[in-house]
Amino acid sequence: MTSKETADLPGLFLTFEGIDGSGKSTQCKLLAEALRFAGKEVVLTREPGGSPGAEEIRRIVLEGDPDKWSAETEILLFTAARRDHLERTILPALKAGKVVICDRFADSTRMYQGLSRGDLRQTVDQLHDLMIQREPDLTLLIDMDPETGLSRAKGRQGREERFEDFGLGLQQQMRAGFLSLAQEFNKRFRVIDGTQPIDKVAAKVLAVAQDELSIRSGEPQ
Ligand code: ADP
Ligand code: TYD
């Protein structure tokens with residue numbers, strides 16, 4: 001799997017990023033429905049997870065004590081999950097010309113493991129270059145204040161709370177980090193205001209995705 005082979009595939013690879021509780025999962029589902037309604041073949045997937053092997057890794061990384069692993073060990077685990085997800089789910093769908101919508105991807109590792117416990121961004125990027133290579137065609141950053149995000153996320157009440165248990169300080173750092181990542185990769189990032197009602201955010205998300213699809217198909221906008 002060379003970077004050339006993974007870059008020139010006919011499908012479209014869209015990712016959603018943002019802090020916990022910003023509305024990514026909600027918006028991924030709504031966008032998948034809207035694009036299917038418009039006649040596109042869509043694969044809706046998520047990270048960590050998205051393939052049977054990666055879902056197994058998800059179970060161990062998202063549950064339990066917040067400091068059960070160092071950030072370095074987590075980089076390896078998230079990248080292992082991503083490699084399996086890419087091989088088994090994402091690349092086959094892109095090869096078949098489908099739209100892949102993924103709830104979080106490598107930008108989350110750049111933030112959560114690369115920033116939260118010391119500066120490990122270079123390690124994340126090195127492992128990404130070695131094992132993943134592929135970047136999304138378009139990344140939608142759902143931006144919002146961390147207090148609201150955390151209260152929405154806590155309202156869900158699940159067992160996958162390891163990262164939410166790092167608390168508000170982590171979410172604030174992640175929000176600032178995602179906004180600066182959006183500037184660093186400004187060609188593929190679009191920042192969307194996540195504080196609006198669900199249908200307003202969904203309309204904006206759909207408009208951005210459709211713009212990208214029409215640019216790719218060479219249609220006038
Ligand atoms: P994420 O995947 O980013 O963690 P979710 O999509 O799971 O976020 O949303 C977290 C919670 O907030 C859910 O209960 C969801 O229904 C609610 N929610 C999502 N978007 C909005 C919004 N724009 N306004 C109000 N509540 C929202
Ligand atoms: P997710 O299920 O998207 O949580 P949420 O819906 O609350 O946003 O992701 C679970 C957690 O995994 C989230 O707190 C961020 C973390 N995560 C990482 O730390 N590194 C990664 O590479 C990924 C993909 C997620």
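Our subject in this report is the structure included herewith. Computed from a predicted model, the values in this text were never measured in an experiment.

**With respect to the site of ligand 2**
Alright, step 1. Taken together, 16 residues are adjacent to ligand 2, and Asp20, Arg104, Thr109, Gln113 and Arg156 come closest.
Alright, step 2. Measuring from an oxygen atom of ligand 2, one finds a side-chain N or O atom of Asp20 at 2.9 Å.
Alright, step 3. Thr109 is positioned such that a nitrogen or oxygen atom in its side chain is 2.6 Å from an oxygen atom of ligand 2.
Alright, step 4. Here ligand 2 has 550 Å² of accessible area as a free molecule, and 95% of this is covered by the chains.
Alright, step 5. Among the elements of the structure, α3 (52-62), α4 (71-95) and α5 (106-112) are those that each provide at least two residues to the shell around ligand 2.
Alright, step 6. With three residues, α5 is the largest single contributor of residues to the shell around ligand 2.
Alright, step 7. For the shell around ligand 2, the per-class residue count stands at five nonpolar, three polar and eight charged.

**What to know about the packing of aromatic side chains**
Alright, step 1. Tallying each qualifying case throughout the model produces two aromatic pairs.
Alright, step 2. With a centroid separation of 5.0 Å and an interplanar angle of 85 degrees, the aromatic rings of Phe13 and Phe105 are classed as edge-to-face. You can see Phe13 sitting in strand β1 (residues 12-17) and its partner Phe105 sitting in the loop between β3 (99-103) and α5, a full 92 residues away along the chain.
Alright, step 3. With a relative accessible area of 0%, Phe13 lands in the buried category.
Alright, step 4. Residues Tyr112 and Phe178 carry aromatic rings whose centres are separated by 6.4 Å and whose planes lie at 65 degrees to one another, so their mutual orientation is edge-to-face. In this pair, Tyr112 is assigned in helix α5 and Phe178 in helix α8 (residues 168-184), connecting sequence segments 66 residues apart. Phe178 shares its class with Tyr112; the two are buried.
Alright, step 5. Its guanidinium or amino end placed over the ring of Phe105, Arg82 lies 5.2 Å from that ring's centre, counting from NZ or CZ.

Conventions and cut-offs
Residues numbered from 1 in each chain as written. Chains lettered and ligands numbered in written order. Predicted model: local features only at pLDDT ≥ 70, side-chain atom pairs only at ≥ 80, totals over all residues. Heavy atoms only, no water. Near = heavy atom within 4 Å. Polar contact = N/O pair within 3.5 Å; in protein donor to acceptor, adjacent residues only side chain to side chain. Areas by Shrake-Rupley, 256 points an atom, 1.4 Å probe, with all protein chains shown as cover. Helix = DSSP H or I, 4+ residues; strand = E, 2+ residues; numbered from the N terminus. Nonpolar A, V, L, I, M, F, W, Y, C, P; charged D, E, K, R; others polar. Phe/Tyr/Trp six-rings, centres within 6.5 Å; stacked < 30°, edge-to-face > 60°. Buried < 20%, exposed > 50% of the residue type's maximum accessible area, 1.4 Å probe, protein only. Lys NZ or Arg CZ within 6 Å of the ring centre and 35° of its normal.

Spatial relationships are all this shows, so hold off on functional conclusions.
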